[in-house]
Amino acid sequence: MPRHAEPAADVIAAARAGERAALEELSSRTLPLVYSVAARAHPYRDDVDDIVQETMVRILRGVGGLERPEAFRSWVITITVNEVRDHIRRRGRRETTGAAFDAAEHRPDPAADFAEGVILELRLSGQREETLRATRWLDEDDRELLSLWWLETAGRLARAELASALDMTSHQAAVRVQRMKERLHTSRVIVRALAARPACGELTRLTLDWNGAPGGLWRKRLGRHVRQCPRCVRHEEGMLAPEGLLAPLALLPVPAALLAWRPWLSAGTHAAAADHAGAAATPGGGGSATAGTAGTGLTAKAVVAAGALLAVGGSLVYAAPWSSPSARPATAPMASSPAPAPSPTASASASPSRPAPVPGSAVSRPSPRPRYGSVVDTVDSAPPPDRPPAALPHRPQTTVTMTGLKRHLDGYQLVHRGDTVVLRGKGYLTVHWDVMYGLRPGLLTMPSWTGLRGRLFHVASGGGHRMDDRRPGATAGGTWMGNRQQGLVTLPPGAQQMWQNEYYYLDGSVTLHLNETQADYNLDVLPSSWQETADDIATPPTPHSAERERYGLVRDTGRDDAPVPQYTTRSTPTDAGTVPQHSVVS
């Protein structure tokens, strides 16, 4: 994106603070980029507007949690690409079932529909039109890469931003781009060969059983022919480099309807900004509807829908239910930490007061206070399934807030590499694991906690099973980490085996990162409380249960020597996936 078109640093800063004018300007400057990436990367034209709307909502709601404003463009591209992938995955699941699958065979090619539309809208001709038609022959991954490379050739993206959006190094991106260009070149030759008159007889015979829909499989079949056929290979002559053909078309014209109707501003971010204003005007978030909606034109329904949320810097934040003193457990049993053995020279007096030392006498020195971070979680084995957990120590709890991009239930969901959630406050939280071994097995890159300020403890494990427990009804060897048929997800050496629910206690602030590389997994980060945590881990296993295989496990000692989560650091590394297993918090 040229510097004159990208949002200025002060606009991004104002948008992070929730200012309406800045959010509108950010939207106007970002929309063409988002639309161009989504429209070129997604094969179904009728989904593009939905993708753009959902992407803009995520961008404008999440800008408040953007830690590095200078990374705004690459952050926008990453969100857009992830939203495109999600839509393709969801649509693919819908269309491979029942009548939708049968109807798909007779539906016009959606990618062709979009290519034809762009040709008409931009009045392309000659080699530009030919190149655009050739994009219909590319695979999904190549179309995604092409949409970004297209912007790079026009100077609107840097190679580092392209690589970041695709979660790869600049060298890997260069290799991928070169291979994509080779496939695009082959596709251009195929387009020319199919349009040539008189047609090549051998090419005609090869396409007798082709249904006319371009695609990767037929590109490979026809590509072998056009590279070897003396007649078809001549179609390469006079081809111009795609960079010069595509660069002028970097940003597609945004449809007028999408420009005129921007629900991500009218019903999303403005509602959050209005609620933020109301909360600021009335301590405790009890502002009136008038104060909360002044100048925004929101309906009463929108205000009511936003009333349960607080907005901080344009992001939605969850106020944990234990923030009210009345919500705390009336009686919370304290777990007694093992008392140190009495010193042989200690006084036998029952008095709690410590006698003053007598000069020259031998007295025992008190044991040193446990140092925070002296114990870091290490690998352990599963306890017996029927062993109830120890009592869970009760730590002070007030309010924990969560700031992220993808809301889920009462918290946030981390789905793609680079997704984060920022946690602040004092209280308990849950990280719920969902290992997607059926989609992408392999080595799991553990999540990491960065930028820690204060203290973070791994207090308990629950959910009814460890992720390496046998999955009820699964074939031999099947666990929550996978099976031989669908693939297995493995942990790096020395990593603590996670349970379905991992419970943590935070007193300060920290950022949790999802670090996917090989294996695919999701994390649900949800609010909890002492009572919810204690109830979960104390629920016994149920015979023939679909989930509960064992009691939970208490890890908290109630003191500073409770375990610190693995992969935790007070620093903020460039790549959160490189945080070492042994945490650094002292």
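About the thresholds
- Residues numbered from 1 in each chain as written.
- Predicted model: local features only at pLDDT ≥ 70, side-chain atom pairs only at ≥ 80, totals over all residues.
- Heavy atoms only, no water.
- pLDDT = per-residue confidence, 0-100.
- Contact = heavy atoms within 4.5 Å.
- Salt bridge = Lys/Arg side-chain N within 4 Å of Asp/Glu carboxyl O.
- Helix = DSSP H or I, 4+ residues; strand = E, 2+ residues; numbered from the N terminus.
- Buried < 20%, exposed > 50% of the residue type's maximum accessible area, 1.4 Å probe, protein only.
- Pairing = 2+ DSSP bridges.
- Expected span 1.5 Å × (residues − 1).
- Disulfide = S-S within 2.5 Å.

J.: So what exactly am I meant to see when it comes to the confidence of the model for the protein here?
T.: A low pLDDT means the predicted coordinates there should not be read in detail. Of the residues in the protein, 70% reach a pLDDT of 70 or more, and the chain-wide mean stands at 74. In this model, residues 267-364 is a region of pLDDT below 50 whose contacts with residues beyond four sequence positions or in other chains number 122 contacts.

J.: Even after reading the chapter, I still don't get the pattern of salt bridges, so can you show me in this structure?
T.: Side chains carrying opposite charge are able to pair once their charged atoms draw close together. Applying the stated rule across the entire model yields 24 salt bridges. In this structure, arginine 219 and aspartate 139 form a salt bridge, with 3.8 Å as the shortest nitrogen-oxygen distance. Of this pair, arginine 219 sits in helix α12 (residues 216-228) while aspartate 139 sits in the loop between α7 (126-134) and α8 (140-153), placing them 80 residues apart in sequence. Overall, aspartate 139 belongs to the partly exposed group, its relative accessible area being 32%. The salt bridge partner of arginine 466 is aspartate 468, with a shortest N-O separation of 2.8 Å. For aspartate 468, a relative accessible area of 32% gives the class partly exposed. The network of salt bridges with common partners includes Asp380, Arg466, Asp468 and Arg555.

J.: Where do I start with unusual backbone geometry in this structure?
T.: Of all residues except glycine, most have a negative phi; of all peptide bonds, most are trans. In this structure, the amide linkage connecting arginine 197 to the following residue, proline 198, adopts the cis form with an omega of 0 degrees. Turning to its location among the elements, proline 198 is positioned in the loop between α10 (170-195) and α11 (201-206). Not every positive phi belongs to a glycine, and aspartate 167 is a case in point at roughly 60 degrees. Checked against the element boundaries, aspartate 167 lands in the loop between α9 (159-165) and α10. Take aspartate 167: its relative accessible area is 40%, and that puts it in the partly exposed class.

J.: How should I be thinking about the pairing of strand β6 (residues 420-435) in this particular structure?
T.: Residues in a regular strand project their side chains so that they alternate between the two faces of the sheet. Inspection of the sheet shows strand β3 (residues 400-404) paired to β6 by five bridges, in the antiparallel sense. Bridge pairing in β6 places glycine 404 opposite valine 421. Examined bridge by bridge, β6 and strand β11 (residues 499-513) share 13 bridges and lie antiparallel to one another. Considered in β11, the bridge of arginine 424 is made with serine 509. Looking at chain direction, β6 and strand β12 (residues 521-527) are connected through seven bridges and run antiparallel. Across the sheet, the residue bridging to leucine 429 is proline 527, located in β12.

J.: Can you help me understand α12 in this one?
T.: Along an α-helix, residues three or four positions apart point the same way, because every turn accommodates 3.6 residues. Given a rise of 1.5 Å per residue, 13 residues ought to cover 18 Å, and the 19 Å separating the end C-alpha atoms of α12 matches this to within 8%. Every buried residue belonging to α12 is among Gly216, Trp218, Arg219, Leu222, Gly223, His225 and Val226, and all of these are buried. The inward-facing, buried residues of α12 contact α10 and α11.

J.: Hey, could you run me through the state of the cysteines in this one?
T.: Covalently bonding the sulfur atom of one cysteine to the sulfur atom of another cysteine gives a disulfide. Considering all chains together, one arrives at zero disulfides under this definition. Summary of cysteine pairing: cysteine 200 is not part of a disulfide, and the nearest cysteine sulfur, belonging to cysteine 232, is at 3.9 Å. Free cysteine: cysteine 232, not disulfide-bonded; nearest cysteine sulfur from cysteine 229 at 3.8 Å. In this structure cysteine 232 comes out as buried when scored by relative accessible area, which is 1%.

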